[in-house]
Amino acid sequence: MKSTQYLAREPDESGFIHYPESEHQVWNTLITRQLKVIENRACQEYLDGIEQLGLPLERIPQLGEINRVLEASTGWRVARVPALIPFQTFFELLASKQFPVATFIRTPEELDYLKEPDIFHEIFGHCPMLTNPWFAEFTHTYGKLGLKATKEQRVYLARLYWLTIEFGLLDTPAGRRIYGGGILSSPKETLYALSDVPEHQPFDALEAMRTPYRIDILQPVYFVLPELKRLFELAQEDIMALVHQAMALGLHAPKFPPKAA
């Protein structure tokens, strides 16, 4: 595991997490800015989730507030974790319908991008979609598969996660929309992902598993679902058979330059 400068905040005896006012201000800056950017860009399922969650603008929400909504809608919860967790812990949580949330928020200096997933990314980016039964079922299935997978198989599963849950797009009657949390929590990527600059491919799980990615750049290629229900259908298929097929075929050539040393 890589190291991080961030430390997750601990709750008090009653489970309440106290954040300084400066961190509430960062949350306010992030959420008010991003709510404007995602207009006519986020998919309806995400917007429905945002409405259900009723996220406060002026302060960082408490995890219990999120849990009440998720449990009522899909039986999910969020789980407080440190800034970075091992793959094993990640899969264990998803397999038990718990989504990891690191209880720290980025500094004003890293407002636009940080490598570690913070509470804004996890709650604003991902939790609205977890109110959707199709998305929630796929995420749960993914966790169960990852728990049983080998280290090498997990790398292929990680690409599937990256190109769906983090950076997935969706075709709708109103046009192309975003459902991936990595895009929805980033103002720059929200605009870029729907532009004509990157490549857009019809979603194919096998192709996604064979597509290399970097976490520190705008994605050169996005996979587009025909409808969100496709994720639910994929959860009923033999995903591990696709992993074995992807491993046999190998990776596509990267569509990005190598990372500088």
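- Under the annotation held in an unreviewed UniProt entry, the chain carries the name Phenylalanine-4-hydroxylase and is attributed to Pseudomonas sihuiensis.
- Under Cofactor (unreviewed entry), UniProt gives the following word-for-word description of the chain: "Fe(2+)".
- The Sequence similarities (unreviewed entry) field of the UniProt record for the chain holds the comment "Belongs to the biopterin-dependent aromatic amino acid hydroxylase family."

### Thoughts on helix α2 (residues 44-53)
Okay, so step 1: If you check which residues of α2 are buried, you get Y46, G49, I50 and L53. Each buried residue of α2 lies within a common arc of 100° when the element is viewed along its axis, so the set occupies one face.
Okay, so step 2: Positive phi appears at G54, one or two residues downstream of α2, with a value of about 55°.

### Digging into the state of the cysteines
Okay, so step 1: Taken as a whole and assessed by the stated rule, the structure comprises zero disulfides.
Okay, so step 2: C127 supplies the cysteine sulfur nearest to C43, a cysteine that is in no disulfide, at a spacing of 15 Å.

### Considerations on the sheet that holds strand β4 (residues 175-178)
Okay, so step 1: Spatially, four strands are ordered β4-β3-β6-β5 in an open sheet, and the strand pairing comes out mixed. With one partner strand each, in any of the chains shown, β4 and β5 (199-202) form the two edges of the open sheet. In this sheet, neighbouring strand axes are inclined to one another by 35° on average, regardless of whether the strands run parallel or antiparallel.
Okay, so step 2: Bridge count for strand β3 (residues 169-172) against β4 is four bridges, and the pairing is antiparallel. By the bridge assignment for β4, L169 is matched with I178.

### Let's talk about the UniProt feature "binding site: Fe cation" (unreviewed entry) in the chain
Okay, so step 1: Residues given the UniProt feature "binding site: Fe cation" (unreviewed entry) here are H121, H126 and E166. On the basis of their most widely separated C-alpha atoms, the annotated residues across 46 residues gather in one place, lying no more than 10.2 Å apart.
Okay, so step 2: Following the sequence through the fold, H126 ends up in helix α5 (residues 119-126).
Okay, so step 3: Using a relative accessible area of 1% as the deciding quantity, one classes H126 as buried.
Okay, so step 4: Along the chain, E166 falls in helix α7 (residues 151-166).

### Section: the pattern of salt bridges
Okay, so step 1: Applying the stated criterion to the full structure yields 13 salt bridges.
Okay, so step 2: Residues R214 and D216 are paired through a salt bridge, measuring 2.9 Å at the closest nitrogen-oxygen approach.
Okay, so step 3: For D216, a relative accessible area of 27% gives the class partly exposed.
Okay, so step 4: Within this structure, E58, R59 and E65 form a network of salt bridges that share partners.

### Considering the packing of helix α4 (residues 87-95) against α7
Okay, so step 1: Where α4 meets α7, the closest approach of the two axes is 13 Å, and the angle between their N-to-C directions is 60°. Taken together, the axes of α4 and α7 are oblique relative to one another. Where α4 crosses over α7, the two elements pack in a sense that is left-handed. The residues of α7 that touch α4, namely those facing F87, Q88, F90, F91 and L94, are R154, A158 and Y161.
Okay, so step 2: Of the residues that constitute the contact of α4 with α7, the class distribution is six nonpolar, one polar and one charged.

### Side note on the packing of aromatic side chains
Okay, so step 1: Under the defined criterion, the tally for this structure stands at 13 aromatic pairs.
Okay, so step 2: Centroid distance Y6 to F104: 4.5 Å. Interplanar angle 20°. Geometry classified as stacked. With a gap of 98 residues between them, Y6 in the segment before α1 (21-37) and F104 in the loop between β2 (98-102) and α5 connect regions that are remote in the sequence.
Okay, so step 3: On the basis of relative accessible area, Y6 is assigned to the buried category, the value being 7%.
Okay, so step 4: Consider the rings of F87 and F91, whose centres lie 5.6 Å apart with planes at 25°: the pair is stacked. Highlighted residues: F87 and F91, both in helix α4, separated by four residues, approximately one helical turn.
Okay, so step 5: Classification of F87 as partly exposed rests on a relative accessible area of 42%.
Okay, so step 6: Accessibility expressed as a relative area gives 0% for F91, which makes it buried.

### Brief notes about unusual backbone geometry
The general pattern is negative phi for most residues beyond glycine and trans for most peptide bonds.
Okay, so step 1: The phi angle at N40 is positive, at roughly 60°, despite the residue not being glycine.
Okay, so step 2: Here N40 shows up in the loop between α1 and α2.

Cut-offs used in this document
Residues numbered from 1 in each chain as written. Predicted model: local features only at pLDDT ≥ 70, side-chain atom pairs only at ≥ 80, totals over all residues. Heavy atoms only, no water. UniProt positions renumbered as here; feature names shortened; annotations may be inferred. Buried < 20%, exposed > 50% of the residue type's maximum accessible area, 1.4 Å probe, protein only. Helix = DSSP H or I, 4+ residues; strand = E, 2+ residues; numbered from the N terminus. Arc of directions from axis to C-beta. Disulfide = S-S within 2.5 Å. Pairing = 2+ DSSP bridges. Axes fitted to C-alpha atoms, helices over the stretch in contact; angles between N-to-C directions. Salt bridge = Lys/Arg side-chain N within 4 Å of Asp/Glu carboxyl O. Parallel < 35°, antiparallel > 145°, perpendicular 65-115°, else oblique. Left-handed = near helix turned anticlockwise from the far one by under 90°. Contact = heavy atoms within 4.5 Å. Nonpolar A, V, L, I, M, F, W, Y, C, P; charged D, E, K, R; others polar. Phe/Tyr/Trp six-rings, centres within 6.5 Å; stacked < 30°, edge-to-face > 60°.

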